[in-house]
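Observations on the three-dimensional arrangement
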Amino acid sequence: MFDKLDQIFVLLLHWLLGYLPAVLRPAVGVVLCVAVIVCVFPAIFAFCVWLERKGLGRMQNRLGPNRVGPFGLFQPIADGIKSLTKEDLVPLTADAVVHFLAPVVLVVAVFMGFAVLPMGRNMVLVDMDSSLLFYFAVGATSELAVFMAGWSSRNKYSLLGAMRAVAQMISYEVPLLMSSVVVVMITGSLSLVKIVEAQNHYTWGLPHWYIFTPWGFAAFILYAIAATAETNRSPFDLPEGESELVAGYFTEYSGFKFALFFLGEYLAMLSISGVGATLFLGGWSSPLEILNWVPSWIWFFGKLMVSIFVFIWLRGTLPRLRQDQLMNFAWKFVLPLTLLNLFVAALWRFMDDNWLRWVVCSAILMAVYAFMGKVGMRREHFGPRRYRYAE
Amino acid sequence: MLGEGILKGLLETAKNFAGSYVSKERLTTVQYPEERLAPIENSRVFPFLVYDVENRDGGGPDWEAGLRCTSCQICEKECPPKCIFIEKSKDKKLDYLGKAQFYPTRFDIDISVCMSCQICVEVCPFESIKMDKHFEQSTDDRFGGLLLDREQLAKPNEYYHQIHPIEAAEVDARLAAAKAVFDAKAKAAAAAAAAKAAAAEVAAQAVPKPASEGA
């Protein structure tokens, strides 16, 4: 019964395809899966927007949206209708073709990432051998879309926002990749399906998720930081800092194109959380062995929602960084730590499986973290200024 | 250690998040159209014209006769966004002192332009224009609907007492004092005139008129 529930979507697909001639089955199967992904994730996006507005409100002791539907749940629908009925303005001096293409490219690139995400047992659209590589390659395309938007708008705020976005995304792309490489090193595979399977076994009823190892924990924290920056979320939301740059690279977008950018941003958040959950939190595997009967896709989407909530929580807590702080943090703190973590992961791989490697690996990481925090991130103190010529 | 501050901050927002579901005191939001807070004494939006209900000069409806405005047009000149338009009358009517004054035949305020700065109130020497509290002025006609004429602007002194009780009492006291001074002066002038007339009469009686006798 629970096995059936676990595989319900797979069985449903096979049942539907059973009515078709064998020649058509692979093609129609792919189209059906794509259609489901294209419908489900925007639905989750709508829910996320509601959750974000509600959660941020509660963190600021407000109520959040509560007018449209019960608890304001239909607010995203109202927002969608509003953005559809708005006038689509294109600046006279804008490069119309690129201006039109930018949001499309962004959304397409982000959707491509979902193709390789294992969302449950046997639930992956394309089981590639190098799916992690594919994911990051496609994910990097969104930078192009952002710069297309900023450049084609012919607006100084758009351009500044796009420059910031590209600088930030390229800077954090490196630690993002580096922090995921340790997982590949230990698993010995770039396939996300294999990575989940490698974590899906239990000792004393507890899972072997990579987050429960010293290098995995460090990599997860670094990955989370880089992912936050990569998706332009607060506190790294400089590219769209409303107080400085109107709306950043999508200043000149209105109506549904604006909504597409919004959608692209949240989908990027969802997919990067999905990859994070797959790499470090065991993907669709359950957190306790006795809970294995719960359908795998519930665990995957549950982990997704938890990480979205953490994103919202961070946004409700932290103020925006300054550009130089952002860059210093990426190159002077996150990147060295990810490089060190590669070394620690290698050490873990080649040491014997006993308590010693836990102590050694944890000690190295903790010591370097403390040292870097003290010295590397030392604040420059500006004392009272002395003007020698005036003395 | 690095990151301690972030954890502290996360704890604080988590407390807020959880607390807002538990304690009602945390949520200060007022659900506006259904609930509302009573406006404070000094709140203000858009000016209105005060009229006295005690009709002094007759002619026209109550509000028109009792309007304190003498169309001196100071407010029109001082208004920074120039949202006031006044047309002065040709004839005069008696004001609350009993003096003959001009009155406005047209007094328009475009509240789509008005910025509620209260400068018109500050400069008015006749205490005739005051700030209102009625802010729900939205309309579907953005030209005519937001151009208030003098009939829409005119509101009785009782209304002024209702919305700004302290300020209105001060204004009334000031007007009463001015009226007392004016009346005293008028009485003194009348007495002086009477005394003069009486003296002239006495003199006329004391000195016989030779011309009349001669006639």
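This is a predicted model, so every value here is computed, not measured. (Residues numbered from 1 in each chain as written. Chains lettered and ligands numbered in written order. Predicted model: local features only at pLDDT ≥ 70, side-chain atom pairs only at ≥ 80, totals over all residues. Heavy atoms only, no water.)

Observations regarding the packing of helix α2 (residues 8-17) of chain A against helix α3 (residues 25-59) of chain A
Residues and elements named next belong to chain A.
- As a packed pair, α2 and α3 sit with axes 10 Å apart at the nearest point and diverge in direction by 135°. In terms of their interaxial angle, α2 and α3 are classed as oblique. Our pair here, α2 against α3, has a crossing hand that is right-handed. Within the contact between the two elements, α2 uses L13, L16 and L17 and α3 uses R25, V28, G29, L32 and C33.
- Considering only residue class, the contact of α2 with α3 consists of six nonpolar, one polar and one charged. (Axes fitted to C-alpha atoms, helices over the stretch in contact; angles between N-to-C directions. Helix = DSSP H or I, 4+ residues; strand = E, 2+ residues; numbered from the N terminus. Parallel < 35°, antiparallel > 145°, perpendicular 65-115°, else oblique. Left-handed = near helix turned anticlockwise from the far one by under 90°. Contact = heavy atoms within 4.5 Å. Nonpolar A, V, L, I, M, F, W, Y, C, P; charged D, E, K, R; others polar.)

What to know about the pairing of strand β5 (residues 104-110) of chain B
All names here are of chain B.
- When strand β2 (residues 84-88) meets β5, the two strands line up antiparallel, connected through five bridges. Counterpart to I84 in the pairing with β5 is I109.
- The sheet contact formed by β5 and strand β7 (residues 147-148) spans two bridges and is antiparallel. The partner of I109 across the bridge, within β7, is L148. (Pairing = 2+ DSSP bridges.)

So, the confidence of the model for chain B
Residues and elements named next belong to chain B.
- Summing up the model confidence of chain B, the mean pLDDT is 85 and the portion of residues at 70 or higher is 92%.
- Predicted confidence in chain B is weakest over helix α8 (residues 210-214), with a mean pLDDT of 51, and strongest over helix α4 (residues 119-123), with 92.
- Both confidence scores are given for the complex: pTM 0.78, ipTM 0.78. (pLDDT = per-residue confidence, 0-100.)

Let's talk about the side chain of K257 of chain A
Residues and elements named next belong to chain A.
- Tracing the chain through its elements places K257 in helix α12 (residues 255-280).
- The class of K257 is buried, set by a relative accessible area of 11%.
- Within polar-contact distance, the side chain of K257 engages the side chain of D88 at 3.4 Å. (Buried < 20%, exposed > 50% of the residue type's maximum accessible area, 1.4 Å probe, protein only. Polar contact = N/O pair within 3.5 Å; in protein donor to acceptor, adjacent residues only side chain to side chain.)

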